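Residue strings, one per chain:
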Amino acid sequence: MTETVLDVSDLEAGYEPGVPIVRGASITVNKGEIVVVLGPNGAGKSSLIKAIAGLVPISRGKVLLDGKDITGAPAHTMVRLGLAFVPQTENVFPRMSVEDNLKVACGILERRQAPARIEEMYAAFPDLLRQRRTPAGNLSGGQRQMLAVARALIVHPKVLVLDEPSAGLSPKFVSMVFEMLSAIRKSGVTILLVEQNAKAALAIGDRAYVLVEGKERHEGIASTLWDDPVIAELYLGQRPLRKDSARHTETGGAA
Amino acid sequence: MSLQFVVDGLLTGSMIGLGAIGVTLTYSILRFSNFAHGDFMAWGTYATLAVVGAIAAMFGKVAPIAPLSFGWPLIVALVVGAAFTALLALLLDKVLFSRLRKQEQAIIAVMGSFGASMALRSLLEFIFTSRPTYFSRAIQIAMPVGFGIRITPDQIALLILTAALVLGVHVLTTRTQTGRSMQAMSQNPALARIAGIDVASVVRVTWVIGAALACVAGVMIGVLVQIRPLMGFDMLLPMFAAAILGGIGSIPGAVLGGLIIGLAEAGAVQLIGAEWRAAVSFVTLMAVLVVRPIGLFGVRER
């Protein structure tokens, strides 16, 4: 029995009117799954999840969370609706202590619940407990990511949405972040993430989508997707062509 | 040598500091320099004066609380005046600042606030004329407290009020959920929204705190000096100096900055000559900024 938590259908979104970056993308996330969105640079992966999280204006399509229409809801209402988002960068409040970073996210919890919930986060992330008085800006990249994830989890979201959680981290921290996400999923949290680091993300994911030019082009079981020839073609650029044309696609996309 | 300048400086510094809290909060959370902040001060003072007049009309003459120069009407009026100033700030934000803040360039909101400042000031002159007025014309006898210092009961009361308000605002901003939301907004507005913070309500709280404190500072000036439509505008430069000196965004910094500017001015008046008042306070400001460009409690932007 699969229960759909997040159902995104035919989503069109972009920062400027008439210039959609996400062009009719449809994805679903089932309860307890880790779903990975892959794709070349400039495919609109980040824009897709930012649109889902209420950060990029949506011009068409629907986002359903547990059957409830949350399309285009203001970003600050998303945690209350059950969707917690972890941005790629600047995802902690740098001059607030680790503890205050967690406390400030407890706004939607009942006042009495907050201290217990913070303790639960410390139990799950002992590193944060050790650094509870440290300004978040002084944490290492991996710990910062940990804090950002803890901040998002603290409100018991129905789905945790992450934008490239391994970006900019050293290899040691990359594996730490993916182990952390895998552990979080085991505790029953549903996860949707966008990743550049395809191999590591597929290793912990259940299903994956490949997004190309703002639309999902391929969907599959994460563990087999890496070997799927379609992936090589869609994700790594047109492999049959010359090598420098692949690079061309990448720079063109980034711009 | 008389140490009278210490008391004078602390009093001036309290007024500047209370005003500078609003300046620094508006700058760090709403991200623009509000040049109308001084006029909130003046409007709050005149509102308080009007309420004092209304109470006098209703209850007749009320004896002051000995040994102070004022009675309960001024205390009640101050609360009403602070609420009025907060409403004025919220109204101005709704009709003017909220639109201008949406613009890409912060200078548009700054210029808008300059316009609002002039309009508010002229309106006050229009309603109340530019002739100075007073809460009380009674003369208080200053008590000698040693080291050549004399202080009036009013001055003591207002210093205590300042200390209590500063402590209260500090606790509010560092220990409560509202305060943490304000900090979050000033450090990363985008993430604050993602973390579920209602930006609009944080903006409202910011205006209310800033405007209410401006009103208190204005009433202090009214009690200790005099009430004039230009009283707030004249405080604008010292308030910005205090906010910058203390480190923009820092409430303890704004208060300390205010006290430093106040003491420097009072010291200059007593030790060098009154004409050097502004010069000394700005040389102090520059000296601190040369050593520490981000201000005393300032933080480097990422």
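So, here's what we can say about the structure. Not measured: the values here are computed from a predicted model.

What counts and how
- Residues numbered from 1 in each chain as written.
- Chains lettered and ligands numbered in written order.
- Predicted model: local features only at pLDDT ≥ 70, side-chain atom pairs only at ≥ 80, totals over all residues.
- Helix = DSSP H or I, 4+ residues; strand = E, 2+ residues; numbered from the N terminus.
- Expected span 1.5 Å × (residues − 1).
- Buried ≥ 20, exposed ≤ 12 C-beta atoms within 10 Å, placed from the backbone.
- Contact = placed C-beta atoms within 7 Å.
- Core = buried A, V, L, I, M, F, W, Y, C linked by C-beta atoms within 7 Å.
- Pairing = 2+ DSSP bridges.
- Axes fitted to C-alpha atoms, helices over the stretch in contact; angles between N-to-C directions.

## Here we look at helix H6 (residues 141–153) of chain A
All names here are of chain A. If you check H6, its first and last C-alpha atoms are 18 Å apart, about what 13 residues at 1.5 Å a residue would give, namely 18 Å. Gln-143, Arg-144, Gln-145, Met-146, Leu-147, Ala-148, Val-149, Ala-150, Arg-151, Ala-152 and Leu-153 are the residues of H6 that are buried. Those residues of H6 hidden inside the fold are in contact with strand S6 (83–86), helix H3 (98–104), helix H4 (113–124), helix H5 (126–130), strand S7 (159–163) and helix H7 (171–186).

## Here we look at helix H4 (residues 106–128) of chain B
All names here are of chain B. End to end, H4 covers 33 Å across 23 residues, agreeing with the expected 33 Å (1.5 Å per residue, within 8%). The complete set of buried residues in H4 reads Ala-109, Gly-112, Ser-113, Ala-116, Ser-117, Leu-120, Arg-121 and Leu-124. In this structure, the buried residues of H4 make contact with helix H2 (37–59), helix H3 (72–101) and helix H9 (231–246). Thr-129 sits one or two positions beyond H4 and adopts a positive phi of about 60°.

## Structural notes on the nonpolar core
Val-36, Ala-150 and Val-161 of chain A together with Val-216 and Ala-243 of chain B are the most contacted members of the largest nonpolar core, which totals 176 residues. The contact partners of Val-161 of chain A, leaving out residues within four places of it in the chain, are Ile-49, Ile-52, Ala-53, Leu-83, Ala-84, Phe-85, Val-86 and Leu-192 of chain A.

## Observations concerning the sheet that holds strand S3 (residues 34–38) of chain A
Two orientations exist for strands paired in a sheet by backbone hydrogen bonds: parallel and antiparallel. Residue and element names in this part refer to chain A. With mixed pairing, six strands are arranged side by side in an open sheet as S6-S7-S8-S3-S9-S10. The open sheet is flanked by S6 and strand S10 (215–221), the only strands paired with a single partner. Taking each pair of neighbouring strands and ignoring which way they run, the sheet shows an average axis angle of 20°. Two elements, S7 and strand S8 (residues 190–194), share five bridges in a ladder whose sense is parallel. Residue pairing in the sheet places Leu-162 in a bridge with Leu-193 of S8.

## Considering the environment of Leu-147 of chain A
All names here are of chain A. Looking at the secondary structure, you find Leu-147 in helix H6. Judged by C-beta crowding, with 24 C-beta atoms within 10 Å, Leu-147 ranks as buried. When the C-alpha positions of Leu-147 and Gly-54 are compared, they lie 22 Å apart, and in sequence the two are 93 residues distant. Setting aside chain neighbours within four positions, we find Leu-147 in contact with Val-92, Val-98, Asn-101, Leu-128, Ala-136 and Leu-139.

## A word on unusual backbone geometry
Although it is not a glycine, Glu-90 of chain A adopts a positive phi angle of roughly 45°. Within the secondary structure layout, Glu-90 of chain A lies in the loop between S6 and H3. The backbone of Thr-129 of chain B shows a phi angle near 60°, a positive value even though the residue is not glycine. Within the element layout of this structure, Thr-129 of chain B appears in the loop between H4 and strand S1 (143–146). According to the C-beta neighbour criterion, Thr-129 of chain B is exposed, with 11 such atoms within 10 Å.

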